[in-house]
Amino acid sequence: MWWDERVSARFRRNLQPTLTYWSVFFSFGLCIAFLGPTLLDLRCQTQSSLSQITWVFFSQQFCLLLGSCLGGVFKRTLAQSLLALFASSLAISLVFAIIPLCHNVVLLAVVMAVAGLAMGCIDTISNMQLVKIYQKDSAIFLQALHFFVGFGALLSPLIADPFLSDTNCILANGTANASSNLPHIRKSLVPHHPGNLSHYDLPMKGMVVTRVSYAFWIMALINLPVPIAVFFLLYKERMVPCFNGSSHPLLSADELALETRPGDKDELSTAGPRPQPAAGHEDLFSCCQSKNFRGVSFTYFAVHITGALVLFMTDGIVGEYSGFVYSYAVEEPLAVVHKVAGYLPSLFWGFITLGRLISIPVSYRMKPATMVFINVVGVLITFLLLLIFSSSVVFLFVGTASLGLFLSSTFPSMLAYTEDILQYKGCATTVLVTGAGIGEMVLQLLVGSIIHDRGSYSFLVCGMIFGCLAFTFYALLVFFHRMYPKPCPGKGAPAPSPALGWEQGQHQP
């Protein structure tokens, strides 16, 4: 392997849980990207208007954010974590199977809210579990984790595409004009911003002829092995309620710290039971309790806040760019034809996925802080060049690919960097996941409103401003990193902290 034997050995010991968390994140990606392409067919299925169906977007995004905040509730024990992942991944398969049966827009919004809650739990729990298992070596495994969400997000639109309607899927009189513009309407739909699509006459009554149900049933079958994999991990750890015999002891964080000192292992094995560590890495509300703040310096808060703000901006850029690059391209001065402009969001997500794949080996050789620096500077330079060459269609495609590459590894690198600073104490994962989710939802809504009022050129101006803010917050994070108290010398490897929550039955690290 291209990494050293120590990391390779840890990966082999944790092969099943690591692959399971990666597969669960594939479910997350599969679920996050299907709604945009299929929304018009779901509008036909529910016989709703464009403005009504966009509420389905909001219900998913809002509950995803809520699930991210609450995901840490299930982190206190390994059994709770795995049961939550099993329920969440199974819920996603059930959601895919149930969506074709939803013929009312309110019912569809409720089902997508359940999917959002499941996705939020998956996001928080999977990131936290990999950080718990690999600690200082987590960067490479986090990069792989986020490759799988990109792979799932790339796959679900491809599955849906053959089943999307080429003409209006509600047959009624006088719909020829709307039918000829369906690809344009489909690409322009983003949360709560149908834009200037209201003049298209899309009927709400008539015969529904959509075949999109087959796409959802195929995705339900593709996702079904994921909850099965989580169940097998639960069974292996003897945490299935019907088979909950005494679990075989696995290595704890103490044993990990002494892994290179065989003589100490014997002493550890004869020691009495360790006291139960205090809970850490909990949900956002538990993290905000005053008891967690006793005796900490202001830099503790500053690292959490600045790290979350960096991801607020960068994940917000991902949301607003993927949502509005098509609308920007088809407007003046570029006036790209609809079919060609439709490739831009796919190009963007394709290079995000490619960048995450490239980042897996790169993250082993490069520090997370360096990768984040390259990412935010690359985003800033790309937006600057997009503004300079705003009349060039060719550079729009080049810039879209470049932006996808630079944004691809920002989240896992920032997560690894912030957890390293805090020495795996505090609530970095929960705060960062929540900050990223808020940014993706809020900035998309904000940019949509600005474009509607100021025109399409403001799309790039907003991106440039967000890029500058991301760089500023990163510089502040580096400053607070230098001020953050260093661990006491002579203590060797990090001891199990309240944030780790290691206990008997945890995966061996």
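Here the structure is a predicted model, which means the values were calculated and not measured.

Draft legend 1. Local environment of the overall build of the chain. Within the chain, the secondary structure is distributed over 22 helices and two strands. Expressed as a percentage of its 509 residues, the buried residues of the chain come to 57%. For the chain, the computed accessible surface area is about 21100 Å², with 68% contributed by carbon and sulfur atoms.

Draft legend 2. Region of interest: helix H11 (residues 225-236). For H11, which comprises twelve residues, the first-to-last C-alpha distance of 16 Å matches the rise-based estimate of 16 Å (1.5 Å per residue) to within 8%. Within the span of H11, buried status applies to Val 226, Pro 227, Val 230, Leu 233 and Leu 234. Along the long axis of H11, the arc covered by the buried residues comes to 115°, so they all point the same way. The elements touched by buried residues of H11 are helix H2 (15-32), helix H5 (78-98) and helix H10 (213-223).

Draft legend 3. Inspection of the side chain of Gln 60 at higher detail. Relative to the helices and strands, Gln 60 is located in helix H4 (residues 50-70). When near neighbours in sequence (up to four residues on either side) are disregarded, Gln 60 contacts Cys 31, Ile 32, Leu 35, Met 112, Gly 116 and Met 119.

Draft legend 4. Spatial organisation of the environment of Asp 4. Among the structural elements, Asp 4 can be located in the segment before helix H1 (5-13). The sequence separation of Asp 4 and Tyr 364 amounts to 360 residues, and the corresponding C-alpha distance is 9.5 Å.

Draft legend 5. Region of interest: the packing of helix H7 (residues 138-160) against helix H20 (residues 410-421). Where H7 contacts H20, the two axes come as close as 9 Å, and the packing angle between them is 150°. In terms of orientation, H7 lies roughly antiparallel with respect to H20. The interaxial crossing formed by H7 with H20 has right-handed handedness. Contacts between H7 and H20 pair Ser 138, Ala 139, Leu 142, Gln 143 and His 146 from the former with Phe 411, Pro 412, Ser 413, Leu 415 and Ala 416 from the latter. Broken down by class, the residue content of the contact of H7 with H20 amounts to six nonpolar, four polar and no charged.

Draft legend 6. Layout of the environment of Leu 469. Examined against the element boundaries, Leu 469 turns out to sit in helix H22 (residues 458-483). Taking the relative accessible area as the measure of exposure, Leu 469 reaches 31% and is therefore partly exposed. Measuring from C-alpha to C-alpha, the distance between Leu 469 and Phe 312 comes to 9.9 Å, with 157 residues separating the pair along the chain.

Draft legend 7. How the structure looks around the packing of H20 against H22. Put simply, H20 and H22 touch, their axes get as near as 11 Å, and they point 25° apart. Between H20 and H22, the angle falls in the class roughly parallel. Crossing handedness for the pair H20 and H22: left-handed. The residues of H22 that touch H20, namely those facing Met 414, Tyr 417, Thr 418 and Ile 421, are Tyr 474, Leu 477, Val 478 and His 481.

Draft legend 8. Structural context of unusual backbone geometry. In this chain, Glu 332 is followed by Pro 333 through a cis amide linkage whose omega measures 10°. For Gln 47, which is not a glycine, the phi torsion comes out positive at approximately 50°. Along the chain, the position of Gln 47 falls in the loop between helix H3 (35-46) and H4. Its identity as a non-glycine residue notwithstanding, Ala 335 has a phi of 50°, on the positive side. For Ala 335, the position within the fold is in the loop between helix H15 (298-330) and helix H16 (338-341). Classification of Ala 335 by relative accessible area gives partly exposed; the value is 40%.

Conventions used here
- Residues numbered from 1 in each chain as written.
- Predicted model: local features only at pLDDT ≥ 70, side-chain atom pairs only at ≥ 80, totals over all residues.
- Heavy atoms only, no water.
- Helix = DSSP H or I, 4+ residues; strand = E, 2+ residues; numbered from the N terminus.
- Buried < 20%, exposed > 50% of the residue type's maximum accessible area, 1.4 Å probe, protein only.
- Areas by Shrake-Rupley, 256 points an atom, 1.4 Å probe, with all protein chains shown as cover.
- Expected span 1.5 Å × (residues − 1).
- Arc of directions from axis to C-beta.
- Contact = heavy atoms within 4.5 Å.
- Axes fitted to C-alpha atoms, helices over the stretch in contact; angles between N-to-C directions.
- Parallel < 35°, antiparallel > 145°, perpendicular 65-115°, else oblique.
- Left-handed = near helix turned anticlockwise from the far one by under 90°.
- Nonpolar A, V, L, I, M, F, W, Y, C, P; charged D, E, K, R; others polar.

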